Amino acid sequence: MSEHEREELMDVAPGAPHDSLMSETLSYIVGLGLALLLTGVSFWVASTSSIWGPGVAMGLVVLAIAQMGVHLVFFLHITSGPDNTNNVLALAFGVLIVFLVMIGTIWIMGHMNVNMGPMPELTNLQMQRG
Amino acid sequence: MTGVETPAVGLTHGASEDTGLGHRGPESKSIVVPYGFWLFVLSDMVLFSALFATYATLAHATDGGPASNELFDRTLVAIETIALLLSSFVCGLAMIAARRRNLIWTQIWLLVTGLLGAVFLGIELYEFAMMIGEGAGPQRSAFLSAFFTLVGCHGAHVTAGLLWIGTMMAQFWAKGFQPHIMRRMMCLSIFWHALDIIWVAIFTIVYLMGTLP
């Protein structure tokens with residue numbers, strides 16, 4: 001293995017394309033197909049009545065996370081390969097912060113909302129249920 | 001890649017003389033620049049997570065005004081979603097063409113990317129105009145303030161992306177496939193794909209969950 005070839009194997013930037021035209025194009029086409037499928041299922045799940053109501057929101061979240069995964073793998077070419085270690089680590093940290101901010105906020109603010117009780121005249125927000 | 005002499009890949013742990021830069025010194029610019037831009041994009045997603053958290057907290061604070069399932073039109077959102085997804089796909093095709101130094105196809109695919117992005121932005125602005133016309137502007141309630149901040153921030157990113165695509169086409173035209181131009185193209189494709197990832201979260205959380213029966 002020449003030094004140049006070794007360089008090629010070491011690290012890749014996020015979004016870096018593959019080497020062969022066919023596999024590269026195929027990756028995008030597969031990604032597009034999966035993303036369209038997941039989008040279609042999302043819209044179907046949201047409008048059908050054949051699924052247990054309270055489960056719909058959770059199903060939508062799962063579908064959205066799956067679609068984000070599809071985008072990361074097929075469009076941004078984030079893989080679990082050794083040449084992607086740094087990209088994956090950065091992504092993992094980003095995902096950690098995103099989940100901390102979102103789940104932490106929803107959790108805490110939900111509890112505060114319940115504990116505050118009804119006094120809309122003080123908050124001027126008039127939280128409305130439903 | 002399994003031999004003992006193979007240097008450790010990525011973050012290295014084996015050698016005591018490790019400098020933190022690996023055994024080969026810093027990576028080339030074509031790796032470092034997109035990696036740095038990837039870090040920016042991830043921090044941008046952290047920014048959006050704060051806006052999502054705000055929206056989730058205020059989604060029911062309608063102050064007696066219109067609620068989400070009275071305002072959103074799923075058909076429009078479906079068209080927006082398809083337009084942005086195709087745009088992201090075509091941006092990948094532009095990247096493939098650029099890698100092979102094919103100027104015509106690079107420009108064509110970039111143009112299609114931009115046009116699909118413009119379709120998305122046009123529908124979004126139409127929706128905003130409709131809502132404001134119905135008295136559901138950002139001043140109406142905390143819910144609507146959060147909505148316009150979140151979706152508007154994404155729209156602003158798309159607008160910046162469209163300007164970037166135009167600039168990119170001009171740069172390819174004037175300067176050709178020089179290494180620094182290719183690095184910019186790489187960053188543009190990361191940016192554009194990331195915007196589509198954020199849109200997946202928006203159409204799920206804001207539009208689909210907001211219009212559940």
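Everything quoted here is computed from the prediction, not taken from an experiment.

1. Quick look at unusual backbone geometry
Unlike most non-glycine residues, A:H77 shows phi in positive territory, near 55 degrees. Mapped onto the elements of the fold, A:H77 is located in the loop between α3 (53–75) and α4 (85–116). Under the relative-accessibility criterion, A:H77 is labelled buried at 6%. Non-glycine residue B:D63 carries a positive phi angle of around 55 degrees. Its location among the elements puts B:D63 in the loop between α1 (29–58) and α2 (68–71).

2. A closer look at the environment of A:I65
You can see A:I65 is positioned in helix α3. Sequence separation between A:I65 and A:I103 is 38 residues, and the spatial gap between their C-alpha atoms is 15 Å.

3. Remarks on the interface of chain A and chain B
Interface size, as often reported, equals the accessible area lost upon joining of the parts. In this assembly, 60 residues from chain A lie in contact with 58 residues from chain B. Between chain A and chain B, a total of about 5,100 Å² is buried, with carbon and sulfur atoms accounting for 76% of that surface. Remark: the boundary between chain A and chain B carries one salt bridge. Between A:E24 and B:R100 there is a salt bridge, with its nearest N and O atoms 3.1 Å apart. Put simply, chain A and chain B have three residue pairs in polar contact (both at pLDDT 80 or more) between them. Of all elements in the fold, only α1 (3–10), α2 (21–47), α3 and α4 of chain A reach the threshold of two or more residues within the side of chain A that touches chain B. Classifying every residue of the side of chain A that touches chain B gives 38 nonpolar, 16 polar and six charged.

So, how was this worked out
Residues numbered from 1 in each chain as written. Chains lettered and ligands numbered in written order. Predicted model: local features only at pLDDT ≥ 70, side-chain atom pairs only at ≥ 80, totals over all residues. Heavy atoms only, no water. Helix = DSSP H or I, 4+ residues; strand = E, 2+ residues; numbered from the N terminus. Buried < 20%, exposed > 50% of the residue type's maximum accessible area, 1.4 Å probe, protein only. Contact = heavy atoms within 4.5 Å. Buried area = accessible area lost by both parts, 1.4 Å probe. Salt bridge = Lys/Arg side-chain N within 4 Å of Asp/Glu carboxyl O. Polar contact = N/O pair within 3.5 Å; in protein donor to acceptor, adjacent residues only side chain to side chain. Nonpolar A, V, L, I, M, F, W, Y, C, P; charged D, E, K, R; others polar.

Purely geometric stuff here, so don't read any function into it on its own.
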